[in-house]
Amino acid sequence: GENVEQHPSTLSVQEGDSAVIKCTYSDSASNYFPWYKQELGKRPQLIIDIRSNVGEKKDQRIAVTLNKTAKHFSLHITETQPEDSAVYFCAASPRGDMRFGAGTRLTVKP
Amino acid sequence: DSGVTQTPKHLITATGQRVTLRCSPRSGDLSVYWYQQSLDQGLQFLIQYYNGEERAKGNILERFSAQQFPDLHSELNLSSLELGDSALYFCASSTEGTRDSPLHFGNGTRLTVT
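Before going into details, it helps to say that this report is about the structure given with it. (Residues numbered from 1 in each chain as written. Chains lettered and ligands numbered in written order. Predicted model: local features only at pLDDT ≥ 70, side-chain atom pairs only at ≥ 80, totals over all residues. Heavy atoms only, no water.)

## Concerning the overall build of chain B
Line of reasoning, step 1. When its secondary structure is counted, chain B shows zero helices and eleven strands.
Line of reasoning, step 2. Reading the secondary structure of chain B in the N-to-C direction produces β-β-β-β-β-β-β-β-β-β-β.
Line of reasoning, step 3. In terms of overall dimensions, chain B is globule-like: its C-alpha atoms have a radius of gyration of 13 Å, near the 13 Å expected for 114 residues.
Line of reasoning, step 4. The principal-axis extents of the C-alpha atoms in chain B amount to approximately 35 × 30 × 25 Å.
Line of reasoning, step 5. Counting over 114 residues, chain B shows a buried share of 50%.
Line of reasoning, step 6. Of the contacts formed within chain B by residues at least 6 apart in sequence, a portion of 55% connects residues at least 24 apart.
Line of reasoning, step 7. If you sum the accessible surface of chain B, you get close to 5,400 Å²; carbon and sulfur atoms cover 45% of it.
Line of reasoning, step 8. Distance from the positive charge centre (9 side chains) to the negative charge centre (12 side chains) of chain B: 2 Å. (Helix = DSSP H or I, 4+ residues; strand = E, 2+ residues; numbered from the N terminus. Rg over C-alpha atoms; globule rule 2.2 N^0.38 Å. Buried < 20%, exposed > 50% of the residue type's maximum accessible area, 1.4 Å probe, protein only. Contact = heavy atoms within 4.5 Å. Areas by Shrake-Rupley, 256 points an atom, 1.4 Å probe, with all protein chains shown as cover. Lys, Arg positive; Asp, Glu negative; His and termini not counted. Charge placed at Lys NZ, Arg CZ, Asp CG, Glu CD.)

## Notes on the interface of chain B and chain A
Line of reasoning, step 1. Between chain B and chain A, the residue contacts involve 25 residues of the former and 22 residues of the latter.
Line of reasoning, step 2. For the pair chain B and chain A, the number of links is zero salt bridges.
Line of reasoning, step 3. In this assembly, chain B and chain A are joined by four residue pairs in polar contact (both at pLDDT 80 or more).
Line of reasoning, step 4. Among the secondary structure elements, those contributing two or more residues to the side of chain B that touches chain A are strand S4 (31–37), strand S5 (44–50) and strand S6 (53–57) of chain B.
Line of reasoning, step 5. The element contributing the most residues to the side of chain B that touches chain A is S4 of chain B, with three residues.
Line of reasoning, step 6. Considered class by class, the residues forming the side of chain B that touches chain A number nine nonpolar, eleven polar and five charged. (Salt bridge = Lys/Arg side-chain N within 4 Å of Asp/Glu carboxyl O. Polar contact = N/O pair within 3.5 Å; in protein donor to acceptor, adjacent residues only side chain to side chain. Nonpolar A, V, L, I, M, F, W, Y, C, P; charged D, E, K, R; others polar.)

## Brief notes about the pattern of salt bridges
Line of reasoning, step 1. Under the counting rule described, the total for this entry stands at eight salt bridges over all chains.
Line of reasoning, step 2. Residue Arg61 of chain A pairs with Asp84 of chain A through a salt bridge whose shortest N-O separation is 2.9 Å. Of the two residues, Arg61 of chain A sits in the loop between strand S6 (56–59) and strand S7 (62–67) while Asp84 of chain A sits in the loop between strand S8 (72–77) and strand S9 (86–92), which places them 23 residues apart along the sequence.
Line of reasoning, step 3. Overall, the relative accessible area of 22% leaves Arg61 of chain A in the partly exposed class.
Line of reasoning, step 4. Given a relative accessible area of 6%, Asp84 of chain A falls into the buried group.
Line of reasoning, step 5. As a salt-bridge pair, Arg99 of chain A and Asp97 of chain A come within 3.0 Å of each other at their nearest N and O atoms. Summarising the burial analysis for this pair, Arg99 of chain A and Asp97 of chain A share the class buried.
Line of reasoning, step 6. Taken together, the shared-partner salt bridges in this structure form one network comprising Arg63, Glu82 and Asp85 of chain B.

Okay, here's the thing in structure tokens:
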């Protein structure tokens, strides 16, 4: 099955700085790469996704980049705010069975 | 609100017991997924159903089973429970269950085995 690796496992930044989370995947059949944010005790929520026909997608302070050749994709958060503090998961789905990375705990210090 | 409903919210039971977790997908969604999230851990894929049929299986123990009914709701059955089965169990649904379908998660069922 698909193997999704995510780094770093924890990330601490100062408010206003940028944060970058990176993921790699193994199955070249994967063509859809979502990112989920999970606040403490809550359900994961989709924040942005990208399909393999594009290399970059942006939504306000959040952007995702994809390199299909290298099989990696990244989440970029600019101008971080304390409310961005959460666990972020990347995922890939080669055949519909969505597999998640291990998660990155992002802490934004005010 | 994601539209995915999971019951119960909390469940406390003893080792060796059996429990059933229930999930109702969003209206119109045909595919249901089950994930297990242990404390401070990631989302472990258990199983996926599409329109009543099992589509993919992940790291699901033999003590666990699931099914999706004709009305598309799904149940996850956990038997011979062990302390290590304590976790948050999420159900998610998607429209088609294809490889490019976003998942929408329910609020989870927190299972505590004592």
